[in-house]
Amino acid sequence: MPWTHLLLALAVVAVWGTNFVVIRYGLDAFEPLAFAALRFAASALPWMLFIRRPAVRWRTLGAFGVLLGVGQFGLLFLAMRGHITPGLASLVIQVQVFFTIGLSMLLHGERVRTYQIVGLLCAVGGLGLIAGHVDATLSVLGLALVLLAAFFWACANLVAKSAGRVDMLGFMGWSSAFAAPPLALLSLVFEGPQALWTGVQHASAAAWAAVAWQALGNTLFGYGAWNWLLSRHPAASVAPLALLVPLFGMGASAFWLGEPLPPWKLGAAALVLLGLALIILWPHARARWLARESLVQRD
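Residues numbered from 1 in each chain as written. Predicted model: local features only at pLDDT ≥ 70, side-chain atom pairs only at ≥ 80, totals over all residues. Heavy atoms only, no water.

> Just to check I follow, could you spell out the overall build of the protein for this structure?
Along the protein, the regular secondary structure elements total 13 helices and zero strands. N-terminal to C-terminal, the α/β element order of the protein is α-α-α-α-α-α-α-α-α-α-α-α-α. Here the protein has a C-alpha radius of gyration of 20 Å; the compact-globule value for 299 residues is 19 Å, and the two agree. Its C-alpha atoms give the protein principal-axis dimensions of about 75 × 45 × 40 Å. Within the span of the protein, comprising 299 residues, buried residues form 48% of the whole. Sequence separation of 24 or more characterises 90% of the internal contacts of the protein that already satisfy a separation of 6 or more. Roughly 14,500 Å² of accessible area belongs to the protein as shown, and the carbon and sulfur atoms make up 70% of that amount. Averaged over its 17 positive side-chain charges, the protein has a centre that lies 12 Å from the centre of its 9 negative ones. (Helix = DSSP H or I, 4+ residues; strand = E, 2+ residues; numbered from the N terminus. Rg over C-alpha atoms; globule rule 2.2 N^0.38 Å. Buried < 20%, exposed > 50% of the residue type's maximum accessible area, 1.4 Å probe, protein only. Contact = heavy atoms within 4.5 Å. Areas by Shrake-Rupley, 256 points an atom, 1.4 Å probe, with all protein chains shown as cover. Lys, Arg positive; Asp, Glu negative; His and termini not counted. Charge placed at Lys NZ, Arg CZ, Asp CG, Glu CD.)

Printed below as a string of structure tokens:
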């Protein structure tokens, strides 16, 4: 991978990681569901006027939009409104990898591998360590909401996979149009008729910058650039860099929000990241080792 492409990949994971701090700032101005509705509305409009609709079924776009918008980000924003810190949220949400594997096994009959079991046990150990430190900055509700958000993210991953190789920038923009209306409706029902309107009326420039960052930085730039890289390089070269997302998330939260990083939190992060690393890196490491052994035997 050329160094310019590597820098682009690092920019994407930095945006995705620091985005958890941006979410925290946005939640100071907007109610969670209203904020999520604005995020996806800004991701869809006016970009749908300039980006061609990808060649996928409407129901695929709709399913992905609802699962990602309402399921993942709606629940994530609710959790981050006083129930979990941004740094921990950026770490726990990564268990979507294990949910994705589990759903693939359940729905497509994929066989479980030993390294996947070991990786899962490491991640479960990390989550257990987190659950054992419930306090004013982390509630059981917050942990449960982020885990449920990770599950819906995994469901969205399977929908995106079923769409095949498509223009992901267009896919994200057009699917966002299906996320905004149900989020706005849920905000109307659960947060009150004035939640969205009052937030819009009184939001500061910083609050609108948080909305713009969600739409332009996290969604359009992040997913667009990431899938551009995946189209030009092997997944084994690109995907492992996603392990840096929680490192950026926890580091940014500690730097800007003063989130403490006690030993138990660092230990939990190490276990979860170790589990993720085993899942992502082991197949490629094993393939390289077998290829090297084959060359040695030929010589």
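From this point on, the discussion continues.
> I keep staring at the pattern of salt bridges and nothing clicks. Help me out?
Side chains carrying opposite charge are able to pair once their charged atoms draw close together. Within the structure shown, the criterion is met by three salt bridges. Put simply, Asp28 and Arg24 hold a salt bridge, and the shortest N to O gap is 2.8 Å. Accessibility expressed as a relative area gives 57% for Asp28, which makes it exposed. The shortest N-O distance in the salt bridge between Arg81 and Glu31 comes to 3.6 Å. Here Arg81 is found in the loop between α3 (58–79) and α4 (86–92), whereas its partner Glu31 is found in the loop between α1 (3–26) and α2 (32–44), with 50 residues between them in sequence. (Salt bridge = Lys/Arg side-chain N within 4 Å of Asp/Glu carboxyl O.)

> What is the right way to look at the environment of Ala215 in this model?
Following the sequence through the fold, Ala215 ends up in helix α10 (residues 205–232). The contact partners of Ala215, leaving out residues within four places of it in the chain, are Arg39, Ala42, Ser43 and Leu220.

> So what exactly am I meant to see when it comes to helix α6 (residues 114–131) here?
Each turn of an α-helix holds 3.6 residues, which means side chains three or four residues apart point in the same direction. For α6, with 18 residues, the first-to-last C-alpha span of 26 Å sits near the 26 Å given by 1.5 Å per residue. Within α6, the full set of buried residues consists of Tyr115, Gln116, Gly119, Cys122, Ala123, Gly126, Leu127 and Ile130. Viewed end-on, α6 has its buried residues packed into an arc of 135 degrees, placing them on one side of the element. Exposed and facing more than 90 degrees away from the buried side of α6 are Thr114 and Leu121. (Expected span 1.5 Å × (residues − 1). Arc of directions from axis to C-beta.)

> What exactly am I supposed to notice about the packing of α2 against α3 here?
Between two packed helices, both the angle of their axes relative to each other and the distance between the axes serve to describe the pair. Relative to each other, α2 and α3 sit at 135 degrees, their axes nearing to 9 Å. By the angle between their directions, the pair α2 and α3 is classed as oblique. Pair α2 / α3 crosses with right-handed handedness. Here Pro32, Leu33, Phe35, Ala36, Arg39 and Phe40 of α2 come into contact with α3, specifically with Leu68, Gly69, Phe73, Gly74, Phe77 and Leu78. Here the residues of the contact of α2 with α3 are counted per class, giving nine nonpolar, two polar and one charged. (Axes fitted to C-alpha atoms, helices over the stretch in contact; angles between N-to-C directions. Parallel < 35°, antiparallel > 145°, perpendicular 65-115°, else oblique. Left-handed = near helix turned anticlockwise from the far one by under 90°. Nonpolar A, V, L, I, M, F, W, Y, C, P; charged D, E, K, R; others polar.)

> What's the story with the packing of aromatic side chains in this structure? I'm lost.
Given two aromatic rings, one states the distance between the centres and the angle between the planes to describe the pair. The tally for this structure, following the rule as stated, stands at 12 aromatic pairs. Aromatic side chains Phe30 and Phe35 sit 5.7 Å apart centroid to centroid with 10 degrees between the ring planes, which places their arrangement in the stacked category. The exposure class of Phe35 is buried, given its relative accessible area of 0%. Taking the centre distance of 5.0 Å and the plane angle of 25 degrees together, the rings of Phe35 and Phe77 count as stacked. On the criterion of sequence distance, the pair formed by Phe35 in helix α2 and Phe77 in helix α3 is long-range, its members being 42 residues apart. Across the pair, exposure class does not vary: Phe35 and Phe77 are buried alike. (Phe/Tyr/Trp six-rings, centres within 6.5 Å; stacked < 30°, edge-to-face > 60°.)

> Hey, could you run me through the nonpolar core in this one?
Most often, soluble globular proteins have nonpolar side chains that are buried together. With 84 residues, the main nonpolar core has Leu76 and Ile130 as its most contacted residues. Top element by residues in this core is helix α7 (residues 140–162). It accounts for 12 residues. With residues up to four places along the chain from it excluded, the contact list for Ile130 reads Leu88, Leu91, Val92, Leu138, Leu143, Trp264 and Ala268. (Core = buried A, V, L, I, M, F, W, Y, C linked by side-chain atoms within 4.5 Å.)

> Any chance you could explain the confidence of the model for the protein here in plain terms?
A low pLDDT score tells you not to read the predicted coordinates there in detail. For the protein, mean pLDDT is 87; residues scoring 70 or higher make up 95% of the total. The lowest-confidence element of the protein is helix α11 (residues 235–238), averaging 66 in pLDDT; the highest-confidence one is α3, averaging 95. (pLDDT = per-residue confidence, 0-100.)

> Help me understand the packing of α3 against helix α8 (residues 168–190), please; the structure alone is not making it clear to me.
Closest axis-to-axis distance for the α3/α8 pair is 7 Å, and the angle between their directions is 55 degrees. The orientation of α3 relative to α8 falls into the category oblique. For the crossing formed where α3 meets α8, the hand is right-handed. Mapping the contact onto sequence places Trp58, Thr60, Leu61, Gly62, Phe64, Gly65, Val66, Leu68, Gly69, Val70 and Gly74 in α3 and Phe171, Met172, Trp174, Ser175, Phe178, Ala179, Pro182, Leu183 and Leu186 in α8. Here the contact of α3 with α8 is composed, by residue class, of 14 nonpolar, six polar and no charged.

> Where do I start with unusual backbone geometry in this structure?
Residues apart from glycine generally show negative phi values, whereas peptide bonds are mostly found in trans. The step from Leu45 to Pro46 runs through a cis peptide bond, and the omega angle for that step is 0 degrees. With respect to the helices, strands and loops of the structure, Pro46 is situated in the loop between α2 and α3.

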